[in-house]
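Architecture and fold: a report
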Amino acid sequence: MATNITFHEGSVGADERADLLGQKGVTIWLTGLSASGKSTIACALEQHLLHLRKYSYRLDGDNIRFGLNKDLGFDEKSRAENIRRIGEVSKLFADSSCIAITAFISPYRADRAFARELHAKANIGFIEVFVDAPLHVAESRDPKGLYKKARAGEIKEFTGISAPYEPPEIPEIHINTEVTDVRESVEIIAKYLSERGYITPMINS
């Protein structure tokens, strides 16, 4: 751990930034099984918010696992560190008044609770979205053939098959993608953001 370092506050406060940008920073944390629909919803939500001229950015396996976290595997310890880093990065994005959208399986409640606590300590919003699809539904989609490989023993520690998934107990938003399509899912999340004041009309818009 680094020593002899001091945190230096910036000169732009969170309220000033939020007022000028017309939005408050928040992290939208999508969690669920592989093929539950997390990434699809995250992509559509990011596009929807940008079309509303809201500053948003999506964090998922493609831009995290191939960069910042390319040194991590998929064992329990590596998964925990993966989520710890994502929690820290999403907090930084949200601190800039960005609507940070994360789409990761994040199978363990303790790891998600850690990410939530990071945000709470910084007085930054954290919205847990349980993207819920029954295992048989997620497995029937299997766009990358991962479930098939896991069933054949070719992938070890695969969530839902050979590794556990601990669903959220009290998520802010619960979306069952067996019955709710992508458009409806985006509308649910956007409505939640609007009702709680995370997105408002921009100055001079």
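Everything that follows concerns the structure shown earlier in this document.
Here is a short report on the structure shown in this document. Per-chain numbering applies: the sequence of each chain, read as written, is numbered from 1 onward. Only residues with pLDDT of at least 70 get local features here, since the model is predicted, and only at 80 or more are side-chain atom pairs given and counted; chain-wide, interface and lining totals rely on the full set of residues. The basis for every side-chain value is the complete set of non-hydrogen atoms in the structure, without hydrogens or water.

1. Considerations on helix α5 (residues 109-121)
Three- or four-residue spacings in an α-helix give side chains the same orientation, since the helix completes a turn every 3.6 residues. Strands here are runs of E lasting at least two residues and helices are runs of H or I lasting at least four, both read from the DSSP assignment and numbered beginning at the N terminus. Given the number of residues in a helix, its expected span is that number minus one, multiplied by 1.5 Å. With 13 residues, α5 extends 18 Å between its outermost C-alpha atoms, agreeing within 8% with the 18 Å of an ideal straight helix rising 1.5 Å per residue. A simple rule labels every residue: compare its accessible area, found with a 1.4 Å probe on the protein chains alone, to the largest value its type can have, and call it buried under 20%, exposed over 50%, or partly exposed in between. Three or more residues of α5 are buried, namely Asp111, Arg112, Ala115, Leu118 and His119. The arc that holds every buried residue of α5, seen down its axis, measures 115°, which confines them to one face. Opposite the packed face of α5, turned more than 90 degrees from it, sit the exposed residues Ala110 and Lys121. The arc in question is the one spanned by the directions pointing from the helix axis to the C-beta atoms.

2. A closer look at the layout of surface pockets
As defined here, a cavity is a set of points on a 1 Å grid over the protein atoms alone where a 1.4 Å probe fits but cannot get out. A pocket is an open set with protein on both sides within 12 Å along at least five of seven lines, and residues line them when an atom is within 4 Å of a point. Grid points are joined across faces, edges and corners, and a volume is the space filled by probe spheres set on the points. The calculated volume of the largest pocket comes to roughly 1,000 Å³. Around the largest pocket, the lining is made up of 35 residues, and of these Ser34, Gly61, Ile105, Lys144 and Leu146 lie nearest the centre. Among the elements that take part in the lining of the largest pocket, helix α3 (residues 61-68) stands out by supplying four residues, more than any other. Considering only residue class, the lining of the largest pocket consists of 15 nonpolar, 10 polar and 10 charged. Just so you know the grouping, Ala, Val, Leu, Ile, Met, Phe, Trp, Tyr, Cys and Pro go in nonpolar, Asp, Glu, Lys and Arg go in charged, and all remaining residues, Gly too, go in polar.

3. Regarding the packing of helix α2 (residues 38-51) against helix α8 (residues 182-195)
Packed helices, taken two at a time, are described by the angle between their axes plus the distance between the axes. Running from N to C, α2 and α8 point in directions that differ by 55°, and their axes come no closer than 9 Å. As far as their axial angle goes, α8 and α2 are oblique. The chirality of how α2 crosses α8 is right-handed. Taken together, the residues of α8 that come into contact with α2 (itself represented by Thr40, Ile41, Ala44, Leu45, His48 and Leu49) are Val182, Ser185, Val186, Ile189, Ala190 and Leu193. The residue inventory of the contact of α2 with α8, partitioned by class, reads nine nonpolar, three polar and no charged. Interaxial angle, 0 to 180 degrees, is taken between N-to-C directions of lines fitted to C-alpha atoms, where a helix line uses only the stretch in contact. Roughly parallel covers angles under 35 degrees, roughly antiparallel covers those over 145, roughly perpendicular covers 65 to 115, and oblique covers all other angles. A crossing counts as left-handed when the near helix is turned anticlockwise from the far one by less than a right angle, and as right-handed when that turn is clockwise. Here, two residues are considered to be in contact whenever any of their heavy atoms come within 4.5 Å of each other.

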